[in-house]
Amino acid sequence: MFSAIARIFRTPDLRNKLLFTIGIIAIYRIGVFIPAPGIDYSNVQQCLAMGNTTGGLYSFVNLFSGGALLQVSIFAMGIMPYITAAIIVQLLRVVIPHFETLHQEGQAGQGKLTQYTRYLTIALALLQGTTLVTLARTGNLFPSCSLPLVPDDSLMVIMLMIIALTAGTGLIMWMGELITERGVGNGMSILIFISIASGFPASMSSILQTKGWATFLGVLAIGLLIVALIVFVEQSQRRVPVQYAKRTIGRRTVGGTSTYIPLKVNMANVIPVIFASSILALPQMIVQFNTNDDGTLPGWAMWLQTHSSTSSPWYMLVYTLLTIGFTYFYVAITFNPVEVADNMKKYGGFIPGIRAGKPTAEYLQYVISRITFPGSLYLAFVALIPLIAFVLINADQNFPFGGTSIIIMVGVGLETVKQINAQMQQRNYEGLLR
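Parameters at a glance
- Residues numbered from 1 in each chain as written.
- Predicted model: local features only at pLDDT ≥ 70, side-chain atom pairs only at ≥ 80, totals over all residues.
- Heavy atoms only, no water.
- UniProt positions renumbered as here; feature names shortened; annotations may be inferred.
- Core = buried A, V, L, I, M, F, W, Y, C linked by side-chain atoms within 4.5 Å.
- Buried < 20%, exposed > 50% of the residue type's maximum accessible area, 1.4 Å probe, protein only.
- Helix = DSSP H or I, 4+ residues; strand = E, 2+ residues; numbered from the N terminus.
- Domains from an automatic or database assignment.
- Contact = heavy atoms within 4.5 Å.
- Salt bridge = Lys/Arg side-chain N within 4 Å of Asp/Glu carboxyl O.
- Polar contact = N/O pair within 3.5 Å; in protein donor to acceptor, adjacent residues only side chain to side chain.

- As named in an unreviewed UniProt entry, the chain is Protein translocase subunit SecY, taken from Glutamicibacter uratoxydans.
- Under the Sequence similarities (unreviewed entry) heading, UniProt states for the chain: "Belongs to the SecY/SEC61-alpha family."

Quick notes on the nonpolar core
Line of reasoning, step 1. Ile-230, Leu-263, Tyr-319, Ile-406 and Ile-407 are the most contacted members of the largest nonpolar core, which totals 64 residues.
Line of reasoning, step 2. Considering every element that reaches this core, the biggest residue donor is helix H16 (residues 358-393), with eleven residues.
Line of reasoning, step 3. In this structure, this core is formed jointly by two domains, domain 1 (15-183) and domain 2 (198-433), each of which donates at least three residues.
Line of reasoning, step 4. Once residues lying within four places of it in the same chain are set aside, the contact partners of Ile-230 are Tyr-378, Val-382, Ile-406, Ile-407 and Val-410.
Line of reasoning, step 5. Core analysis: the next-biggest nonpolar cluster, separate from the first, contains 23 residues, Ala-76, Leu-141, Phe-142 and Met-161 among them.

Some remarks on the pattern of salt bridges
Think of it this way: side chains of opposite charge can pair up when their charged atoms draw near.
Line of reasoning, step 1. Tallied over the entire structure, the rule returns four salt bridges.
Line of reasoning, step 2. Between Arg-118 and Glu-177 there is a salt bridge, with the nearest N and O atoms lying 2.9 Å from each other. In this pair, Arg-118 is assigned in helix H8 (residues 107-138) and Glu-177 in helix H9 (residues 155-182), connecting sequence segments 59 residues apart.
Line of reasoning, step 3. Here Glu-234 and Lys-264 are joined by a salt bridge, their closest N and O atoms 3.7 Å apart. Residue Glu-234 is found in helix H11 (residues 200-235), and its partner Lys-264 is found in strand S4 (residues 258-264); the two are separated by 30 residues along the sequence.

A closer look at the side chain of Asn-43
Line of reasoning, step 1. Its location among the elements puts Asn-43 in helix H3 (residues 41-50).
Line of reasoning, step 2. Relative accessible area serves as the criterion here: at 11%, Asn-43 is assigned to the buried category.
Line of reasoning, step 3. A polar atom in the side chain of Asn-43 sits 2.8 Å from the backbone oxygen of Pro-148.

Pasting the structure below:
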């Protein structure tokens, strides 16, 4: 392992890319602890020490921002506005023909879609920044803390806070694109990876201090098994064989080769879990905004709060069903078997034993439906791990080995290692891993 790392730093181009990536990551982590203008940082720290936060969707966003949201820092929004904007633009390809046309135009069309994603990211950051400032100003960000987070809530200070939070999101987006262009790996994915990984030491330390060594070592052993499961499933694929007929173009004979279409078991990645978590966070938000002045809840709000609790069996059942449903939905809109079949037919390709055209599309649809089901069950199982841990050992809901966090970390780690390995093979004929 150490010899592999030494080979990376002996390659000048790869060393520069790696050091550039580490530099951007350092800037990003410093920004997490810089408070937004108008925020009383000492009061924020005292409220954080009390431990009772808004939870739900905001805890989810806090995870992706590396703890910056509850610090109310300039990077409080994190990368979530960009993730949301990218998902929205991808979904709009189904309902807006112009977006689908741009997607098919190659690099130029992709550039336009990326530009739309940037504009939508800023708009969402403005909206979410306004929401966060409202929560901080009214005291709903830390319900059990009476200390004022925004001592001066004049219009100028509020506007400055919103602009600073929006600018912070724009800066994160720019840093992510810089890593993609001049660093190692996908910049946005790397920043998400760092945000999630930054919470691991605190989570593991909390388990050790509150539950002891036996539980700590048990969680560690279970975590290693979960990582092994995720690596196995993320690398699993159904290879559909494709044969290309020989064609004569001018004086050259091309084709006659065999290849395959790699269909991943988990084609949807963590998007279905994010969708399901966001929808199930809405009941808690409704309850929060319908709390009476004396802290009591109406009857219907108490019923909703009870059944939308993460420890409720009904919550877990609905979470599982939503994750499975969104997995099928997302795969259906991102993988088009008709388009794949038409492209194969255009270049003289066919699946052995299957006629080209419509029969090929039907066969691909059949295969993708079969492999999506175990993929959706796997996603639901991993997503439920933090909820089960919360019930069994009373762990924090940001349980380190489960949910979207561990899937993202393992996935990003695998892809980054693959990219480093490919770049080393180009220069030294020897990869990172032997």
